[in-house]
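# Structural features, examined
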Amino acid sequence: MSTPERELTFAEAVREALAEEMRRDPNVFIMGEDVAEAGTPFKVLSGLVEEFGKERVMDTPISEPGFTGIGVGAAVTGMRPVIDIMFGDFLTLTMDQIVNQAAKIHYMSGGKMKAPIVFRTTMGATRRSAAQHSQSLQAWVSHVPGLKVVMPSTPYDAKGLLKTAIRDDNPVVFIEDKMMFKMKGFVPAEEYTIPFGVADIKRRGEDITLVATSSMVQVALGAAEKLSQIGISAEVIDPRTTSPLDKQTFINSAKKTSRAIVIDEGYEAYGVTAELASVIADGAFYYLDAPVKRMGAMDVPIPFSPALEDLTVPTEETVFEMAKSLCGRN
Amino acid sequence: MSTPERELTFAEAVREALAEEMRRDPNVFIMGEDVAEAGTPFKVLSGLVEEFGKERVMDTPISEPGFTGIGVGAAVTGMRPVIDIMFGDFLTLTMDQIVNQAAKIHYMSGGKMKAPIVFRTTMGATRRSAAQHSQSLQAWVSHVPGLKVVMPSTPYDAKGLLKTAIRDDNPVVFIEDKMMFKMKGFVPAEEYTIPFGVADIKRRGEDITLVATSSMVQVALGAAEKLSQIGISAEVIDPRTTSPLDKQTFINSAKKTSRAIVIDEGYEAYGVTAELASVIADGAFYYLDAPVKRMGAMDVPIPFSPALEDLTVPTEETVFEMAKSLCGRN
Amino acid sequence: MTKKTESNTKSRPEAVDVEQWLHVYEQMVKIREFEEKANELYLKAIMPGLTHLYSGQEAVAVGVCEALRREDYITSTHRGHGHCLAKGASVDLMFAELLGKEAGYCRGKGGSMHIADPASGNLGANAIVGGSAGIATGAALSAKKRGSDQVAVCFFGEGALGQGLLYEVMNMASLWKLPVIYVCENNLYNEYTHYSEALAGEVTPRAKAFGIHAETIDGQDVQLVYETTKRLVERARRGEGPAFLECMTYRYYGHHVGDISRTYYRSKEEEQEWRETRDPLKILADKLVAGKLTDQSVLDHIQADVRSEVEKGMQFGIDAPYPDQSEVNEDVYA
Amino acid sequence: MTKKTESNTKSRPEAVDVEQWLHVYEQMVKIREFEEKANELYLKAIMPGLTHLYSGQEAVAVGVCEALRREDYITSTHRGHGHCLAKGASVDLMFAELLGKEAGYCRGKGGSMHIADPASGNLGANAIVGGSAGIATGAALSAKKRGSDQVAVCFFGEGALGQGLLYEVMNMASLWKLPVIYVCENNLYNEYTHYSEALAGEVTPRAKAFGIHAETIDGQDVQLVYETTKRLVERARRGEGPAFLECMTYRYYGHHVGDISRTYYRSKEEEQEWRETRDPLKILADKLVAGKLTDQSVLDHIQADVRSEVEKGMQFGIDAPYPDQSEVNEDVYA
Ligand SMILES: Cc1ncc(C[n+]2csc(CCOP(=O)(O)OP(=O)(O)O)c2C)c(N)n1
Ligand SMILES: Cc1ncc(C[n+]2csc(CCOP(=O)(O)OP(=O)(O)O)c2C)c(N)n1
Ligand SMILES: [Mg+2]
Ligand SMILES: [Mg+2]
């Protein structure tokens, strides 16, 4: 009974997920800087304060460690906070509260306490915001046991995964690409959720596997389209959650295609691409015809100048070239 | 003209490096919690305040973000601070200052500023210190462009690498394994430094490559000894610095042996082992007879109970078993 | 001792039931006895790792928790045994946890620095200095949102005044009038450093600057601690907002059980003076006996009972089995 | 405007050379003109990204920096153009940086939020709110260690009072008597939220609680800002320790150039009132003219000169080449 023609932007999908969950569960509330009347600098939350009031859409001082910690305290005592960390770069300020407190509290208490809390934050470069407002730090949080990490790549996924995140009894880091907020896509009017740990095959193909996260999914799809024009059929897989990670889906794909590239917008060294590549290299070892290739952001602080910034992130073009050469063309 | 019989503990080697560099360069100073009279809880710095005074061995309040930031400010204005972050787990509190400030300041200023600063911190479990005092977070800092990351595994390396770190014009995260402080080893009386980005082959072998960091080097050497008893010759390689990373040395070793295990005490998922494994799987692809295997800490918050904690870290035994099976024995 | 205390409250023991003071005395004795045994377990190498003893500070935990209801929240610190026991933890499960046993409060996963017992409102000890200030403040926010009249108490040492997080959450607690009480146990030392070397200015003005009601009191007088806390808790329950209470106190042992030679940072005379003239158990006992509210034999009886409870608890902990290896992977996710 | 200011300093323009006040005026005009052009570049889609304009706050940057020597340090914020120019940056290299050009202060790598010019003592703008408080305090520590008599000024908006780091470093600055001055530009808004919704209590007591000398002044009166800063700088140079200066001020434009519809968080009347009655350029101009220290034609002349310098600088920025692609990998490590 879905309405296939219903389209929302990514920002609208996020907002709708929040609104639905806040209507469903009075314990859900939002806390962060300029989330109320301003609706965040990205306007993602516009309108929520009008419906839910300032008690449930709470503006905070500029105190990321503090309000993150307050969220943890509220979570362990029966609430379900959604904490807004404006730029992913500000995760740096909250790591003690997220990593040493939220992520470990269930385990350290022998299972007696739980922290159902969502940390919504952003990632992504090419916005001309320079080195302190452009990082994609998913590798850090994915490294931490006790956290779940979600990286939606479409409005549909964003809505379904955010609803799951809010209902999850664990701390979840939910990472949105700033550059995707205006992207439109199909979102059904009917209620749905998307389970964690289930990769989505965004495009089927036979010759090469492209595993891509968040912002890089569209890049991979674009590259796949180009590749199809030269007769290379690429399969594009989106893990959707880096933790838990649905390894089997992309290992199986790599077994089938015998070639794989992994693409993520975090810095390449010690990044998400390292995990994805080593999982494939291990799991599909006896099937691979070529080494798994990694494409992350260049290992440099993100430069401001457009002339430099655009060089630092994988593009349709660079993925296309890498895939072509991996398939032995040229 | 070295004196081969001269032995120091790891802690003494660290202290000697600091003392020598502080004598050499009046701009070097130490700052941290209980570093002066107490000489840190691990007594690593005992005696330094007596020689250099409280102006150069500065006790701070319990303010990790604050004194880390002050260190950065001192570094960019001509000093060479050595910042003591007692437990590696407290890096969580300092990430903004280390990552958004120190690591990026050279690049963001177009090369005009530099931050010659060393962040000395610790890692390592099995000390019965539980989840907030046992983590090994090298993967996080290794992920950040602009930082260098050092993980010494012997007193000799600790001294030589720390001297290099202090003389380096970049921010360096220097990670010491708490469990190694009392370990003894050869340290010559003569001045020496060890360059960054040069892996050390700690044991030569032909059948399998074990790449191990910090605490895991001794584990790998122990496993190698056991392996030799069943006729398997293992090569043990210590990268010594995870950033810069001397890839070629262990890629070449893996090419030679055709089998590799990578071992690091950080959490396994998205950990240092992912980087090392994917580098080998790529670089030695056409030479490998088996998939590269990763051995990190179990992906759980570190438990207090000895009955559980010891299970979370790779041991001589588990590395031995993994190597044996990788070599097709049993 | 080194600092004057200020308070409007006169200690009014007569106004409270003697039974309650005897209970308070029992609680303090329990902590004292527990810590003696914990130290013993360390010295005999039965306890894994290190632990931070609370002996000397009993009046703070007990005086504060006595003013709370079971459903009120506390958060604790690395030096947390006293808070846990005062809020209602039982000694046997505490010992089991200290020894890493399955029967412990955290199934052996937490240890001394992470004892949590939500059933008694204890949201957990915390090994990050200042790390629980956010949790306590968030619990107060949660209480307010849920329309309960619970109050949250955040215990911390004066060393935590170095952590910026505390100021961030005090600001929000004040802005939002949250029912949280920040209890600063000023035992004069951050590890091995006198607090005056780490703290500029005075303590309470820091809270007052955020519009938070703040007082400094003698933390060795359990009756005073109780009366003061009671007043602050009532204020908080009435929606009048957070408060800050500095209690001047002293730890008898080292920073942790392994900190034996302490003369480089504090004198034996200082230790002796606190033990002899400012012992919280003795102060209460003397008052009760001098005021003829009880006699020494009753107190001795309490002491004997507690001692045997603690000994049994310790034995329980020693005899309890370790967790099964399979448990290492459990409880990572809820 | 909404807050009373307190200060012991009387503004004494006559004591200072007229030439200096004309220079001060010129500096303020330069910032104003620079920001007008920066806004234009944004509106014409010539400038990449967004930028935060300083117009309205000129008296703070100029008054403070006028009291500093070139070798003294400053750290700045996301709203940093005014500080950079006041400390001695030149408009052409600033424009080049805003436009991401190789000729810019950071070779195009930093952009508006990261302009650094160590040659003029500017240790950098900073895009992390409160993020430079450590750097400024560390620069002061460094000055003290090196035995220089440099002073460091940390500029920040009142929003940074939410960041715990500030309290951590103020504590150390006070303990160690560091020559650092914390200049809080209270322009009433943290992005789109009035500061009263984010700040409990008052501002200066927070610094005073750490034993730091603190004052609040009218930040629109450049002479007052200068005189006050001068006094605090002298204090700091004499080794008397840190100070905190709250300057009440206002930003004329939005939080950033894209923040056009602002009525949901502040009224047009409020904006108009500040512009008309509290404009720092006008206040100084009026005083100089009324006091017959200069006449309007001199000021007009300054304005015209500055305008042409700024226009030339902008054109320089526009014409300058982008960095070569090879530079993306340079400067990661020193
Ligand atoms: C963030 C952090 N920094 C440092 C430590 C190491 N540490 C443990 S206890 C302690 C001193 C705490 O002093 P205080 O808060 O006064 O508590 P007390 O030990 O006196 O009860 C320190 C520095 C820590 N656990 N957490
Ligand atoms: C740590 C951090 N949190 C949030 C932001 C986003 N942000 C940028 S400016 C700003 C408001 C700052 O207000 P204030 O300090 O008063 O400075 P003003 O903009 O008024 O000059 C915020 C929240 C940031 N840059 N850094
Ligand atoms: Mg203390
Ligand atoms: Mg402001």
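Think of each chain on its own: its residues are numbered from 1, step by step along the sequence as written. Working convention: letters from A go to chains and numbers from 1 go to ligands, in the order in which they are written. The predicted nature of this model means local features are confined to residues of pLDDT at least 70 and side-chain atom pairs, given and counted, to a pLDDT of 80 or more, with totals for whole chains, interfaces and linings taken over all residues. Hydrogens are left out, water is left out, and the side-chain values use all remaining heavy atoms of the structure.

### Comments concerning the overall build of chain C
Along its length, chain C carries eleven helices and seven strands. Taken over the C-alpha trace, chain C has a radius of gyration of 19 Å; the compact-globule value for 334 residues is 20 Å, and the two agree within 12%. Counting only C-alpha atoms, chain C reaches 55 × 50 × 45 Å along its principal axes. Taken over 334 residues, chain C has a buried fraction of 66%. By the convention used here, residues are in contact when the closest approach between their heavy atoms is within 4.5 Å. Taking all contacts inside chain C whose residues are at least 6 apart in sequence as the whole, residues at least 24 apart take part in 74%. Helix and strand assignments come from DSSP, with helices taken as H or I runs of at least 4 residues and strands as E runs of at least 2, each series counted from the N terminus. Our radius of gyration is a C-alpha quantity, and the globule rule it is checked against amounts to 2.2 Å times the number of residues to the power 0.38. With a 1.4 Å probe rolled over the protein chains alone, any residue whose accessible area is under 20% of its type maximum counts as buried; one over 50% counts as exposed, and the rest are partly exposed.

### Digging into the coordination of the magnesium ion (ligand 3)
All names here are of chain C. The rule for donors is simple: an N, O or S atom within 2.8 Å of the metal counts, and for Na, K and Ca the reach is 3.2 Å. Water is not among the atoms, so a site may look short of donors. Listed as protein donors to the magnesium ion (ligand 3) are E158 (OE), E158 (OE), N187 (OD1) and Y189 (O); their distances from the metal cover 2.1 to 2.6 Å. Key to geometry: four donors with every angle between 85 and 135 degrees are tetrahedral; four donors are square planar and six octahedral where opposite donors lie over 155 degrees apart and all remaining angles lie between 65 and 115; all other sites are irregular. Between the six donor atoms coordinating the magnesium ion (ligand 3), the angles at the centre fall across 53 to 167 degrees, so the site counts as irregular. Counting gaps between the donor residues of the magnesium ion (ligand 3) yields the pattern E-x28-N-x1-Y. Remark: N187 occurs in the loop between β3 (180-186) and β4 (189-190) and E158 occurs in the loop between β2 (152-157) and α6 (164-175); sequence separation between them is 29 residues. Under the relative-accessibility criterion, E158 is labelled buried at 3%.

### Focus: the interface of chain B and chain A
With 52 residues of chain B in contact, the opposing surface of chain A contributes 52 residues. For the chain B and chain A pair, buried surface summed over both sides reaches about 4400 Å², with 63% attributable to carbon and sulfur atoms. Three residues stand out in chain B for area buried against chain A, namely W140, H143 and Y270 of chain B, and they jointly supply 21% of the buried area on that side. Definition used for salt bridges: Asp or Glu carboxyl oxygen within 4 Å of a side-chain nitrogen of Lys or Arg. Where chain B touches chain A, the interface holds four salt bridges. Between K293 of chain B and D282 of chain A there is a salt bridge, and its shortest N-O distance comes to 2.9 Å. A 3.5 Å cut-off defines polar contacts: any pair of N or O atoms within that distance qualifies, except that in protein one atom must be a possible hydrogen donor and the other a possible acceptor, and neighbouring residues in sequence count only when both atoms are side-chain atoms. If you look at where chain B meets chain A, you find 28 residue pairs in polar contact (both at pLDDT 80 or more). Examining the composition of the side of chain B that touches chain A, we find that eleven residues originate from one element, helix α4 (residues 91-108) of chain B, more than from any other. Looking at the side of chain B that touches chain A residue by residue, the class counts come to 30 nonpolar, twelve polar and ten charged. Joining two parts hides part of their accessible area as seen by a 1.4 Å probe, and the buried area is that hidden amount summed over both. Residues are sorted three ways: Asp, Glu, Lys and Arg are charged, Ala, Val, Leu, Ile, Met, Phe, Trp, Tyr, Cys and Pro are nonpolar, and all the rest, Gly among them, are polar.

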